[in-house]
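# Reading the structure
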Amino acid sequence: MILDEMLEKMALYGQREAMITDGESLSYESILEQYRLWTAILRDLGIRSGEVVMLEGDYSPAASGALLALLANGNVAIPLSPQAGHKREQFMSIAQANKYIAVTGTGYRMADRGPVEHPELLKDFLSAGGTGFILFTSGTTGVPKAILHDLSRFIGRYRSPRPALRTISFLLFDHIGGINTWFHTLFNGGTIICPSGRMPEEICALIERHRVELLPASPSFLNLLLMTGADQAYDLSSLKMITYGTEVMSDSTLERLHDRFPQVELRQTYGLSEMGILRAKSVHSGSAWLKIGGEGVETRIVNDVLHIRSQTAMIGYLNAPNPFDEEGWFNTQDVVLQDGEHIRIVGRKSEIINVGGRKVYPLEVEGVLLQMPEIRDVTVKGEANPLLGQVVTASVNVNVPLDARELKRRLTEFCRGKLEDFQIPVKVAVLEGELFSERYKKTR
Amino acid sequence: MNAILDERLIQILLRNVRIDPDSVEIGPHTDLINDLALDSIQIVNLFADLEEEFDITIDLSDISVPILGQFELFSNYLAGEIQKQPPHSPNETGRSEGARL
């Protein structure tokens, strides 16, 4: 079994530093000790192979040991980060989980949900002896979708040895990017540095203190980092690479990032909860153009939308129709520009605004608005309009006190010559709260 | 016609047109589309600004007269919409003062 291969590799890494949490350094052997401890705990709790178990915890030796033990025990695990604790019941209900385990600072809590009736796809998967895990989409526009992954299919991609760096586990434990960080780093003998908070100041302090080499983050976080200037008080010279994915990066943020960290390689990643993280190669550091591929991955573009066929794709949704066509292609809903073998992602199909038949890409407008000194952050989206179908609106965080009327006047003036008339926001709202979620992803 | 309202409407109109404000004189019979060369996106912007300025909602399906054909019709329509708004209490803060005439 492929998990045995991972455990064997971890045993070979032995005393190498695997994880730093709360300032404490733990070796691969310590993580394996946790794995053995949790194997015994699962046995004592009567958790049988084929059961579906929600595991709530953040990156920690105990949560890592518990996840390894669940997968080795032949379970389907549902990782849940504490930040998503308010969705616990909803997620367990969708997947009809048998058990719930919370890894706490001092031990664990367990709850048995009694007899359950799993969704059909999950039932079939378990009947065939499947082991895997379930991730959920954010569900910002409806009920979250439960995504079932087969373990052996998913982690096949980590078998080829890759460089493993000292990596901050910035993306959450239940996010496809976070799961990818966890598998990739532990498979390859790297070190996971666990943050206790995810504000720019905390992340920068951690980079300095533990000589972090890789920061996987979202464009929203990187924008916040640049805006706060939190990096300037710390020595970030250990940083070799910043990877960004989960949402589209604006040109202006990318340029400012490149100016601020000229020595750091900026690499775009491409991943979807449904497909996992795919191999992506930027044209050069700081370029938004990239080539997506890798072993067992095929891409095609249909009507400007990227489609992917991958051997490591999910089994399917538990609570939504099968999204694959008869040939196994998955419509990513990401609209792309194409230049030879390279593509550039310009936005989700559903986010593109149609103003009287003309397309507006929120990212392009956001990129221009972010150049205004008055604007700290901005989210652009469409709003229904009886005259034009849709119009462009902007929700803005400001750097200086300004009312919406004055801001709109300045914004309209600023955008003239930089955007076409139909791209300039018709409505402008000044908001107090941040424009991104607890996962540092823009809320649209 | 309400002179104070008209003055404010003219200011908002001129903010949303591309022509030189000095080259046009807006009177009761000014045709907003042909004389001011308003296009569809400018009309949408104009309505958004009016909604913001006067704290009203412009419902296109409710408009039965060609308000963009003559400034006078436009002004009368808006005066009616502003009248429909409930009076603001003296303790209320925000834009109420600017929205009342």
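Being a predicted model, the structure only gives us computed values, none of them experimental. (Residues numbered from 1 in each chain as written. Chains lettered and ligands numbered in written order. Predicted model: local features only at pLDDT ≥ 70, side-chain atom pairs only at ≥ 80, totals over all residues. Heavy atoms only, no water.)

Assigned secondary structure in chain A consists of 12 helices and 26 strands. What you see for chain A is a C-alpha radius of gyration of 22 Å, in line with the 22 Å of a compact globule of 444 residues. For the C-alpha atoms alone, the extent of chain A along its principal axes is close to 70 × 50 × 40 Å. Sorting the 444 residues of chain A into buried and exposed places 56% on the buried side. As presented, chain A carries roughly 18700 Å² of accessible surface, and 48% of it is formed by carbon and sulfur atoms. (Helix = DSSP H or I, 4+ residues; strand = E, 2+ residues; numbered from the N terminus. Rg over C-alpha atoms; globule rule 2.2 N^0.38 Å. Buried < 20%, exposed > 50% of the residue type's maximum accessible area, 1.4 Å probe, protein only. Areas by Shrake-Rupley, 256 points an atom, 1.4 Å probe, with all protein chains shown as cover.)

Scanning chain B from N- to C-terminus turns up 4 helices and 0 strands. For chain B, the succession of helices and strands along the chain, N to C, is α-α-α-α. For chain B, contacts bridging at least 24 residues in sequence account for 65% of all contacts bridging at least 6. Here chain B has roughly 5600 Å² of accessible surface; of this, 48% comes from carbon and sulfur atoms. (Contact = heavy atoms within 4.5 Å.)

With that out of the way, let us pick up unusual backbone geometry. Its identity as a non-glycine residue notwithstanding, Gln 333 of chain A has a phi of 70 degrees, on the positive side. As for its placement among the helices and strands, Gln 333 of chain A is situated in strand E20 (residues 330–339). Gln 333 of chain A gets classed as partly exposed once you look at its relative accessible area, which sits at 31%. Residues other than glycine seldom take positive phi values, yet Ala 37 of chain B does so here, at roughly 55 degrees. Mapped onto the elements, Ala 37 of chain B comes out in the loop between helix H1 (3–15) and helix H2 (40–54).

Before going further, it helps to examine the sheet that holds strand E6 (residues 108–112) of chain A. All names here are of chain A. Sheet architecture is open: 7 strands sit in the order E6-E5-E3-E4-E7-E8-E19, paired in mixed fashion. Taken across any chain shown, the strands that pair with only one partner, and hence form the sheet edges, are E6 and strand E19 (316–317). Pairing of strand E7 (residues 132–136) with strand E8 (residues 146–150) involves 5 bridges; the strand directions are antiparallel. Across the sheet, Leu 135 pairs through a bridge with Ile 147, a residue of E8. Those strands touched by helix H4 (residues 88–95) are strand E3 (52–56), strand E4 (76–80), strand E5 (99–103), E7 and E8, and its axis lies near 160 degrees from that of E3. (Pairing = 2+ DSSP bridges. Axes fitted to C-alpha atoms, helices over the stretch in contact; angles between N-to-C directions.)

What follows deals with the domain arrangement of chain A. Note on interface size: it is often stated as the accessible area lost on association of the parts. Residue and element names in this part refer to chain A. Per the domain assignment, the segments of chain A are domain 1 (2–155), domain 2 (197–349) and domain 3 (352–430). On a C-alpha basis, the centres of domain 2 and domain 3 stand 25 Å from each other. In this assembly, 14 residues from domain 2 lie in contact with 9 residues from domain 3. For domain 2, the biggest contributors to the area lost against domain 3 are Met 227, Ser 252 and Val 346; these three give 39% of the whole. On inspection of domain 2 and its partner domain 3, the count reaches 0 salt bridges. Elements represented by at least two residues in the side of domain 2 that touches domain 3 include exactly helix H9 (219–228), helix H10 (251–260) and strand E21 (342–348). Residues that form the side of domain 2 that touches domain 3 fall into these classes: 6 nonpolar, 4 polar and 4 charged. (Domains from an automatic or database assignment. Buried area = accessible area lost by both parts, 1.4 Å probe. Salt bridge = Lys/Arg side-chain N within 4 Å of Asp/Glu carboxyl O. Nonpolar A, V, L, I, M, F, W, Y, C, P; charged D, E, K, R; others polar.)

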